Amino acid sequence: MAELRDGVRWIRLPVPGGLSHINVWLLPENNGWTLVDTGMGIDAVREAWEGLIDELRPERIIRIIVTHHHPDHFGQAAWLARRCGAEVWMTDAEFDCAIGPRHIDPADRARRRRDQMENNGLAVSDDIAPFLKGTGYRRIISGIPERIRPIRDEEIISIGDQHWRVIVTSGHAPGHAALYCEANGMLISGDHVLPTISPNISLWSEGSEADPLDDSLRSFARFRQLPAESFVLPSHGRVFLGLHDRLDELQAEHDAALDTALAACESPQTAADLIPVLFPRRLDALNTLLAFGETMAHLRYLQRNGSLSQISADGKTHYRLAS
């Protein structure tokens, strides 16, 4: 736990795998702390929190704001709410994602995802198959809070003597909430703007009208309205200055990926054909899934802007340059 300016504290908690960590933030209240994000619902994080709670005494966490439902952010929300007597604040869209679709049988969900992947040319290997049911999520969160206090786009949240504006965007997640404080120039960016990696932008439902990459890229305009010298507190990596420069870099990365996909589609390609083109490195099962979702998002974007069309061949969906 390290102190930044204006009493804001930066905590780094462990995440298994390549990410290695998540940053969470304590914001001073008049009678305790507001916590932004909670860490994954695993024993190592809970043990870390027990030590941190002791360190914070006699003050306690009185409010928890969750940027989005992914388990490294939401994972300990229910346990910390019970442990500290705190209220959980998050967007309705993200809470709905955390609860999950109650009416969908995991086996049916796995079958539909397998069909989607195989229709797009990706063979579902034995190491990928366990991820398709979506049941692993519940094993790495501490439960679902009994209730939340919904937060909304452009809402002003008073925390101590500072006022933080909620900026809700979609792309990485459907109702991701960032927080900006004009008085101290801090932006808690969650996963929406990261200093060295690109947040995953995935499309998982071909039947929907979603265009998550377009949503994400359009949202950059809102962050460009913030001062270029904003002090950015991201969920992964180090705090940084240079918000507008980083947005330029993220835009350029996606533009390059779109150009690469278009060049490849001079001849018909499945989404699976494009994964090694867009992600030319060895991928484990989880990252293969993430790469598939991101490839699908880029293909949806190119279809929507009229650059690509779909054809069916050999029982698979292929993409080619629009005539």
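It should be noted that the structure appears before, not after, this text.
Some details on the overall build of the protein chain
Here's step 1: A tally of helices and strands in the protein chain yields 10 helices and 14 strands.
Here's step 2: Over its C-alpha trace the protein chain gives a radius of gyration of 20 Å, about what one expects of a compact globule, namely 20 Å for 323 residues.
Here's step 3: Once the C-alpha set of the protein chain is aligned to its principal axes, its extents read approximately 65 × 45 × 30 Å.
Here's step 4: Taken across its 323 residues, the protein chain has 51% of its residues classed as buried.
Here's step 5: For the protein chain, restricting intrachain contacts to residue pairs at least 6 apart in sequence, the fraction spanning at least 24 positions comes to 65%.
Here's step 6: Accessible surface computed for the protein chain: about 14,700 Å², of which carbon and sulfur atoms make up 48%.

Overview of the packing of helix H7 (residues 212-224) against helix H8 (residues 243-264)
Here's step 1: Orientation of H7 relative to H8, taken along the N-to-C sense of each, is 160 degrees, at an axis distance of 10 Å. Here H7 is positioned roughly antiparallel relative to H8, judged by the angle of their axes. As for the relative orientation of H7 and H8, their crossing is left-handed in sense. Contacts from Leu 213, Leu 217, Phe 220, Phe 223 and Arg 224 in H7 reach Leu 243, His 244, Leu 247, Asp 248, Leu 250, Gln 251, His 254 and Leu 258 in H8.
Here's step 2: Classifying every residue of the contact of H7 with H8 gives 8 nonpolar, 3 polar and 2 charged.

Here we look at the sheet that holds strand E12 (residues 231-234)
Backbone hydrogen bonds are what pair the strands of a sheet, in a parallel or an antiparallel way.
Here's step 1: Spatially, the 5 strands line up as an open sheet ordered E8-E9-E10-E11-E12, and their pairing is mixed. Of all the strands in the sheet, the pair left with one neighbour each is strand E8 (156-159) and E12. The sheet shows a mean angle of 25 degrees between the axes of neighbouring strands, direction not considered.
Here's step 2: Bridge analysis of E8 against strand E9 (residues 162-169) gives 4 bridges, and the strand direction is antiparallel.

Cut-offs applied
- Per-chain numbering applies: the sequence of each chain, read as written, is numbered from 1 onward.
- Confidence filtering applies because this is a predicted model: local features only for residues at pLDDT of at least 70, side-chain atom pairs given and counted only at 80 or more, and all residues used for totals across whole chains, interfaces and linings.
- Water and hydrogen atoms play no part in the side-chain values, which are based on all heavy atoms of the structure.
- We count a stretch as a helix when DSSP gives it H or I for four or more residues in a row; a strand needs E for two or more, and each element gets its number in order from the N terminus.
- Our radius of gyration looks at C-alpha atoms and nothing else; its globule reference is 2.2 Å times the residue count to the power 0.38.
- Partly exposed describes any residue whose relative accessible area lies between the buried limit of under 20% and the exposed limit of over 50%, with all areas from a 1.4 Å probe on protein chains only and scaled to the type maximum.
- In this analysis, two residues are considered to be in contact whenever any of their non-hydrogen atoms come within 4.5 Å of each other.
- The method behind every accessible area is Shrake-Rupley, applied with a 1.4 Å probe, and residues are considered shielded solely by the protein chains displayed.
- Axis definition: a line fitted to C-alpha atoms, limited for helices to the stretch in contact. Angles are taken between N-to-C directions and run from 0 to 180 degrees.
- Oblique is the label for every angle not falling under 35 degrees (roughly parallel), over 145 degrees (roughly antiparallel), or within 65 to 115 degrees (roughly perpendicular).
- Each crossing gets its hand from how the near helix is turned against the far one by less than a right angle, where anticlockwise is left-handed and clockwise is right-handed.
- Here the term charged refers only to Asp, Glu, Lys and Arg, the term nonpolar to Ala, Val, Leu, Ile, Met, Phe, Trp, Tyr, Cys and Pro, and the term polar to all other amino acids, Gly among them.
- Pairing between strands requires that DSSP locate at least two bridges from one strand to the other.

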